[in-house]
Amino acid sequence: MKQGAFVSILIFVIAFGTISLNCGKGEAPMAPKQDEAKEFKFLVEQFADLAIGRFQIPGFENLPLQQKKLLYYLYQAALSGRDITWDQDYRHNLKIRRTLETIVKHYKGDRDSENFKKFMIYTKRVWFSSGIHHHYSADKIIPDFPKEYFSQLVKNSPDGLFPLAEGETVEDLIAQLTPLIFDPTIDAKRVNLDPTVDMVTHSANNFYKDVTQKEVEEFYKKTINKDDPTPISYGMNSRLEKKDGKLVENVWKVGGMYSKAIEQIVYWLEKAAGAAENDVQKNILELLIKFYQTGDLKTFDEYSIAWTKDTVSRIDAVNGFIETYGDPLGFRASYESVVSFRDEEATRRVEILGRNAQWFEDHSPIQDEYKRKEVKGVSGKVITVVGLGGVTSPNPPLGINLPNANWIRKVHGSKSVTLGNISEAYDKVSEKAGLVDEYAYSQEEIDLNNKYGALEDSLQTDMHEIIGHGSGQLKKGVATPKETLKNYSSIIEENRADLVAYYYFMDPKMVELGLIPSLDVGKVSYNAAIRNGFLQQLRRIKLGDNIEQSHMRGRQLTAKWAFELGKSENVIEKKIKNNKTYFVINDYQKLRAIFGKMLSEIQRIVSEGDYEAAKNLIETYGVKVDYQLHKEVLERFAKLGIAPYTGFICPVLEPVMKGDEIVDVKVEYPMDFTEQMLFYSEKYSFLPTKN
Ligand code: ZN
């Protein structure tokens with residue numbers, strides 16, 4: 001998850017009682033514009049397939065000063081790793097970003113032309129995705145303006161401001177970047193999960209250099225000790241590359257790859273450790289710092305265990321190399337950070353789930369030998385997000401469950417969080433109601449969703465994270481799903497967690513525990529699962545493409561497989577009304593039984609590491625899209641005028657200074673996405689263009 005180091009190049013600029021950090025030369029960062037409107041504006045703008053929204057931090061101003069300071073330091077640490085994500089996603093991303101930003105800031109030509117508008121849309125899409133590949137589909141984003149125009153843009157901006165290498169001219173820059181940006185065949189996919197090709201060489205990410213999939217697999221076959229009950233997360237924090245004919249891990253740490261950004265992270269983590277709420281939290285932050293300084297994965301495990309055990313501190317941060325979706329082989333993790341404080345009220349609901357986790361495990365439809373005899377330390381909470389960094393920005397998840405290491409989860413438990421204020425903002429922005437109205441078959445389905453949709457949504461996330469990811473165990477002697485299920489491991493794991501939630505959503509126990517007022521909430525969940533898996537989510541895919549993204553594959557797998565299993569009894573029915581296709585559930589209890597059957601099989605696949613079964617299920621139900629149906633979904637969606645993806649302009653934390661002392665921290669809510677992206681790039685550009 002993380003790293004960091006010490007930094008001596010910081011220049012503090014103190015003005016008007018606030019402090020801002022300005023690294024190196026050049027202009028001072030622009031002050032973000034404040035929101036002056038009385039009513040909070042959740043949706044700011046839409047372009048291409050993206051909506052840009054904002055989220056609030058309710059309750060921040062009432063926190064004690066010490067907690068505000070701690071949040072501020074962690075927020076700075078989060079943003080300090082921003083460049084790492086860009087570089088991990090593609091080795092040319094930083095150079096391209098800096099070139100685009102130079103044009104945005106300094107282009108001297110006509111800024112009202114159609115082409116310039118198209119250029120701005122392209123640039124904003126690149127910012128949103130932290131690179132030139134789509135954040136969700138992983139396909140290269142191709143600009144709508146001609147390449148000749150790109151060359152004109154560069155030539156009409158001041159030469160000296162471009163990120164030129166030693167001896168490189170502006171002409172060279174244009175010649176290098178034009179094919180990278182415009183040619184759809186070069187580095188076409190950030191991550192390629194097609195099992196029929198070499199997934200390493202066909203993925204454009206920067207996790208491997210000059211190595212083949214076969215070489216990677218052989219390398220880890222030799223390195224990984226299968227009998228180790230407490231294995232480290234091999235390869236998590238490095239690039240695997242060839243040096244003098246030998247494979248070596250180029251480690252992301254202080255003094256290693258990405259050192260400059262990691263030093264900044266460590267600088268802020270050290271301040272955070274000094275402002276910790278208690279000794280437990282101080283120790284956690286110090287372990288994280290040590291990990292960033294040494295790159296030692298044993299230290300990372302120590303950190304993860306300590307972090308998992310801390311359920312007392314109110315302030316929390318995920319910071320490090322966490323998400324393995326970006327690596328087709330699932331070894332290397334992308335940088336991310338989520339800085340938050342606990343929402344005490346909403347956390348009460350989650351605690352009920354956590355307290356009853358053993359009951360859920362005992363009553364699960366999976367085979368007894370794959371149940372955890374003792375569900376340990378499943379702790380869940382609802383958090384209020386203060387800051388985001390890396391892959392969570394500007395497009396955060398709704399829930400997080402960590403740590404990733406299976407043995408730690410089994411021995412020490414895991415921590416699960418729901419991002420409360422983000423969830424709310426997503427709902428406000430995406431005008432969910434409009435979507436449901438379009439794809440739901442009956443008025444009853446729409447009414448139920450209006451009544452219970454918000455509760456169902458957050459509960460679904462809580463159950464997925466707490467009793468879903470937190471459940472089950474591997475058969476003795478079977479390696480981790482990452483090793484056995486390989487490229488299918490993430491999808492199977494997401495599907496497994498979803499199925500646990502679905503199975504229990506229609507259980508009277510949920511009513512008994514006071515989590516839902518009636519099983520109607522479960523109906524809302526089932527309707528959403530089928531509607532989304534068959535129809536709604538296809539809006540996110542280009543016509544003619546198959547599904548690549550893990551969560552989406554998992555959702556379609558759930559819907560299509562359930563349909564198939566219930567076919568003889570017509571449990572789910574395909575209906576046509578006014579030339580529109582719908583999927584309708586005829587019997588909710590029967591569907592519940594089917595979900596139970598599916599869960600049992602998915603758990604068996606995970607527990608036994610049955611690669612062939614995983615492959616067969618996912619390739620049969622999760623990947624392929626019905627062309628005609630897809631076309632219809634897109635046409636219906638286009639009429640609604642809603643962007644499929646949402647991201648956020650993040651709040652800005654500004655300390656109020658009295659001399660050298662922080663006496664308060666204020667939250668500002670900027671209104672302009674472009675300004676925020678330029679502001680981040682001014683303040684947090686720590687890595688060289690080429691790594
Ligand atoms: Zn999940």
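Residues numbered from 1 in each chain as written. Predicted model: local features only at pLDDT ≥ 70, side-chain atom pairs only at ≥ 80, totals over all residues. Heavy atoms only, no water.

(A) Broad picture of the overall build of the chain. Across its full length, the chain holds 25 helices and 17 strands. Oriented by its inertia axes, the alpha-carbon framework of the chain measures out at about 70 × 60 × 60 Å. A burial count over the chain gives 61% of its 691 residues as buried. In the chain, the proportion of contacts linking residues at least 24 apart, taken out of those at least 6 apart, comes to 74%. (Helix = DSSP H or I, 4+ residues; strand = E, 2+ residues; numbered from the N terminus. Buried < 20%, exposed > 50% of the residue type's maximum accessible area, 1.4 Å probe, protein only. Contact = heavy atoms within 4.5 Å.)

(B) Expanded view of the domain arrangement of the chain. Per the domain assignment, the segments making up the chain are domain 1 (43-184 + 649-683) and domain 2 (314-638). Centre-to-centre, using C-alpha coordinates, domain 1 lies 31 Å away from domain 2. Listed by partner, the interface residues are 35 residues for domain 1 and 36 residues for domain 2. Overall, the association of domain 1 and domain 2 removes approximately 2,600 Å² of surface from exposure, summing both partners, and the carbon and sulfur fraction of that is 67%. At the junction of domain 1 and domain 2, the tally comes to 1 salt bridge. For K542, the salt bridge is made with D139, and the minimal N-O distance between the two is 3.9 Å. At the junction of domain 1 and domain 2, the tally comes to 7 residue pairs in polar contact (both at pLDDT 80 or more). (Domains from an automatic or database assignment. Buried area = accessible area lost by both parts, 1.4 Å probe. Salt bridge = Lys/Arg side-chain N within 4 Å of Asp/Glu carboxyl O. Polar contact = N/O pair within 3.5 Å; in protein donor to acceptor, adjacent residues only side chain to side chain.)

(C) Region of the structure containing the pattern of salt bridges. This model, assessed by the stated rule, comprises 40 salt bridges. Taking the shortest distance from any N to any O, the salt bridge between E101 and R97 comes out at 3.5 Å. Placement of the pair is E101 and R97 together in helix α3 (residues 93-106), with a separation of 4 residues, close to one helical turn. Just as E101 is buried, R97 falls in that class too. Put simply, E114 and K117 hold a salt bridge, and the shortest N to O gap is 3.7 Å. Taken together, the positions of E114 and K117, both in helix α4 (residues 114-129) and 3 residues apart, correspond to about one turn of that helix.

(D) The pairing of strand β16 (residues 652-658), seen in detail. For β16, the tally of buried residues reaches 5 of 7 residues, placing the bulk of the element in the interior. Direction of pairing for β16 relative to strand β17 (residues 661-668): antiparallel, over a ladder of 7 bridges. Note that in β17 the partner of V652 across the bridge is E668. Joining the antiparallel neighbours β16 and β17 is a turn of 2 residues, in which G659 adopts a positive phi near 65°. (Pairing = 2+ DSSP bridges.)

(E) Local environment of α4. For α4, built from 16 residues, the straight-helix expectation of 22 Å at 1.5 Å per residue is met to within 8% by its first-to-last C-alpha distance of 23 Å. The set of residues buried in α4 consists of F116, F119, M120, Y122, T123, K124, R125, V126, W127, F128 and S129. Phi turns positive, to about 50°, at S130, one or two residues after α4. (Expected span 1.5 Å × (residues − 1).)

(F) Just the sheet that holds strand β15 (residues 645-649), in detail. Read across the open sheet, the 3 strands follow the order β3-β4-β15; overall the sheet is mixed. Edge positions in the sheet fall to β3 (43-47) and β15, since each has one partner strand and no second. Direction aside, the axes of adjacent strands within the sheet are offset by 25° on average. (Axes fitted to C-alpha atoms, helices over the stretch in contact; angles between N-to-C directions.)

(G) Expanded view of the packing of α3 against helix α25 (residues 673-684). Here α3 crosses α25 at 120°, and the two axes come no closer than 11 Å. Classed by the angle they form, the pair α3 and α25 counts as oblique. Once α3 is placed against α25, the crossing between them reads as left-handed. Between α3, through R97, E101, V104 and K105, and α25, the contact on the second element is made entirely by T674, M677, L678, S681 and E682. For the contact of α3 with α25, a count of residues per class yields 3 nonpolar, 2 polar and 4 charged. (Parallel < 35°, antiparallel > 145°, perpendicular 65-115°, else oblique. Left-handed = near helix turned anticlockwise from the far one by under 90°. Nonpolar A, V, L, I, M, F, W, Y, C, P; charged D, E, K, R; others polar.)

(H) Local environment of α25. Between the first and last C-alpha of α25 there are 16 Å, a value that for 12 residues agrees with the 16 Å anticipated at 1.5 Å per step. Of all the 12 residues making up α25, 12 are buried; the element is thus mostly covered by neighbouring parts of the structure. Restricting attention to buried positions, one finds in α25 the residues F673, T674, E675, Q676, M677, L678, F679, Y680, S681, E682, K683 and Y684. For α25, the side-chain oxygen to backbone nitrogen distance between the N-cap and T674 is 2.9 Å, and the N-cap itself is D672.

(I) Examining the coordination of the zinc ion more closely. All of the protein donors around the zinc ion are H464 (NE2), H469 (NE2) and E494 (OE); their distances to the metal are 2.1 Å. Counting the intervening residues between successive donors of the zinc ion yields the motif H-x4-H-x24-E. The exposure class of H469 is buried, given its relative accessible area of 7%. (Donors = N, O, S within 2.8 Å, 3.2 Å for Na, K, Ca; no water.)

(J) The nonpolar core, seen in detail. F119, F321 and L591 are the most contacted members of the largest nonpolar core, which has 202 residues in total. Structurally, this core is a two-domain feature, drawing no fewer than three residues from each of domain 1 (43-184 + 649-683) and domain 2 (314-638). (Core = buried A, V, L, I, M, F, W, Y, C linked by side-chain atoms within 4.5 Å.)

(K) Representation of the packing of aromatic side chains within the structure. Going through the model one piece at a time under the given rule, you end up with 46 aromatic pairs. Where F219 meets Y220, the ring centres are 4.9 Å apart and the plane angle is 85°; that geometry is what we call edge-to-face. Of the two residues, F219 and Y220, neither departs from the other in class, the shared state being buried. On the basis of an interplanar angle of 80° and a centroid distance of 6.2 Å, the ring pair of Y292 and F321 is categorised as edge-to-face. Remark: F321 occurs in strand β8 (residues 315-323) and Y292 occurs in helix α9 (residues 279-294); sequence separation between them is 29 residues. Accessibility classification places Y292 together with F321 in one group, the buried group. A connected cluster of aromatic rings, assembled from ring pairs, spans F207, W252, Y258, F291, Y292, F300, Y303, F321 and Y335. Over the ring of Y441 we find K577, and its NZ or CZ is 4.5 Å from the ring centre. (Phe/Tyr/Trp six-rings, centres within 6.5 Å; stacked < 30°, edge-to-face > 60°. Lys NZ or Arg CZ within 6 Å of the ring centre and 35° of its normal.)

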